[in-house]
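Observations on the model geometry
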Amino acid sequence: MQTQKLYDEYMMTNIVPGFEPVEVESAKGTRIRATTGEEYLDCFSGISVCNAGHGHPKVVAAAKAQIDKLIHCCTYVYYNPRAGQLAEALAQITPGPLRKSFLCNSGAEAIEGALRLARHATGRDEFVALTHSFHGRTYASLSITGNSARKKSGGPFMPGVAFAPAPYFYRCPYGSKTEAECAERSAEALAQTIRYQTSGNVAAFVAEPVLGEGGILVPHESYFKLVKEILDEHDILFICDEVQTGFGRTGQLFAIEHYGVEPEIMTLAKGIADGFPLGAFIARPDIADAFTPGSHLSTFGGNPVSCAAALANIGVMQDEKLPENAAARGAQLTDALRPLEDELMLVGELRGRGLMIGLELVKDADKTPAAEEAKEVKKRCREAGILIGVGGTFANVVRLQPPLILSEDEAVEIVDILSKVLRDVNGSL
Ligand SMILES: Cc1ncc(COP(=O)(O)O)c(C=O)c1O
């Protein structure tokens, strides 16, 4: 493969353990075509990005029209109509009083800016985040990431960050018997973290409403209400990281809507523009107003082409009811795969919301993580025509995050292939 040679010679390929042996020629809807002619059903969406499907015609048309008019002029020097319209749309679709946006380029940049805003707005400088979390690979976003595997040689990290335990029921550190108990114990631990691991100068608590890279960990429905009460007691802001969960992925436009809790700041990226690079953080106006001239900027942030794509993408989400389809197809997949939990030792737990589904693979009743087996499942799925992801703190969680336009028949195709592969790999335990 000529491209592989170019990668090896001229790119820093050593940042990952390996690449999938697929050279992508093109992609449309839910299908990816390789230069070798093979076609795959995409169950990873470019890491949860192409929620409206690859190359959605309305998104492509909006971006092409914008390219003909204006590609870049700097959204923070001159007024850019698309940026203004997108910011208005974000204020309309995000929950509660979130209203003012800063448009940037990526998830990590959104997190960096959100942390900075929280410090400006509160006059405090500490943060609390969750174990098993992932928030990006820049200095501050990596500093608040609760997973040592992602932080190797990246330190020393930003001071003033404390971690509270994630409500990870399957491996609950408190041995909780129910998800509700795990949520309660984990929320209590957050209060303890604030009390004993910080100087009481906490600006914000940052959390993903479903922990994606940590292994699709879905907190119990009570968790964020309990957390918000604790935060409010201490006047600590809640930064909800919707970079991976946002834009319909979990069956609502934003996953925090499942919990009935309103964050003060929300970070967005990935699914915001169906593949065009864009990030954002949006805040309550009284909080956003804490920024003053010189507080923040980004040369490429709010690029007109990305903003035009994002506007079209939001229209598609609403017109084609993509969150609703994510909920329906997600239920179809989890109902069909659920029996495998009892049937196969390999499948320790199946969990998820909408089309954000994880199967945690284990070797035995002691829940020893089955990372090699997860890799093997990914390989065999690819050979059978579906591209899945693998993640989790212990690299043992099979991730299904297909485009939200997935059809009923395609969901059946996934279940058929994945069930067979899991049974085969289970046989080699
Ligand atoms: C929840 C969450 N936050 C932030 C990020 C960082 O986003 P980016 O890779 O666009 O910087 C990610 C990326 O996976 C993520 O899942």
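These remarks concern the structure in this document. Model, not experiment: these values are computed from the prediction.

A separate point is the sheet that holds strand 3 (residues 39-42). To summarise the sheet geometry, strands pair through backbone hydrogen bonds and adopt either a parallel or an antiparallel arrangement. Strand order across the open sheet formed by four strands is 1-2-3-13, with mixed pairing between neighbours. Looking at the sheet topology across the chains shown, the edges are occupied by strand 1 (24-28) and strand 13 (386-387). Summarising the sheet, strand 1 and strand 2 (residues 31-34) pair through four bridges and their orientation is antiparallel. The partner of K28 across the bridge, within strand 2, is R31. Each of strand 2, strand 3 and strand 13 is contacted by helix 14 (residues 408-427), which is oriented at about 100 degrees to strand 3, the strand it contacts most.

Turning next to the side chain of E242. Mapped onto the secondary structure, E242 falls in the loop between strand 8 (237-241) and strand 9 (265-268). The charged side chain of E242 is buried without a salt bridge, its nearest counter-charge being R353 at 9.9 Å. Within polar-contact distance, the side chain of E242 engages the side chain of T245 at 2.7 Å. Setting aside anything within four residues of it in sequence, one finds E242 in contact with P209, F254, A255, I256, M266, T267 and L268.

For strand 10 (residues 279-283), the tally of buried residues reaches five of five residues, placing the bulk of the element in the interior. The two faces of strand 10 match: G279, F281 and A283 on one face and A280 and I282 on the other face are all buried. When strand 4 (residues 100-104) meets strand 10, the two strands line up antiparallel, connected through five bridges. The residue of strand 10 that forms the bridge with S101 is I282. Two elements, strand 9 and strand 10, share four bridges in a ladder whose sense is antiparallel. Residue pairing for strand 10: T267 is matched across the bridge by F281.

In the structure shown here, the tally under the stated rule is nine aromatic pairs. Aromatic ring contacts, followed pair by pair, group F205, Y223, F224, F238 and Y259 into a single cluster. Positioned above the aromatic ring of F134 is the side chain of R150, whose terminal nitrogen or guanidinium carbon lies 5.0 Å from the ring centre. Its guanidinium or amino end placed over the ring of Y170, K367 lies 4.1 Å from that ring's centre, counting from NZ or CZ.

Rules and cut-offs
- Residues numbered from 1 in each chain as written.
- Predicted model: local features only at pLDDT ≥ 70, side-chain atom pairs only at ≥ 80, totals over all residues.
- Heavy atoms only, no water.
- Pairing = 2+ DSSP bridges.
- Helix = DSSP H or I, 4+ residues; strand = E, 2+ residues; numbered from the N terminus.
- Contact = heavy atoms within 4.5 Å.
- Axes fitted to C-alpha atoms, helices over the stretch in contact; angles between N-to-C directions.
- Buried < 20%, exposed > 50% of the residue type's maximum accessible area, 1.4 Å probe, protein only.
- Lys, Arg positive; Asp, Glu negative; His and termini not counted.
- Salt bridge = Lys/Arg side-chain N within 4 Å of Asp/Glu carboxyl O.
- Polar contact = N/O pair within 3.5 Å; in protein donor to acceptor, adjacent residues only side chain to side chain.
- Phe/Tyr/Trp six-rings, centres within 6.5 Å; stacked < 30°, edge-to-face > 60°.
- Lys NZ or Arg CZ within 6 Å of the ring centre and 35° of its normal.

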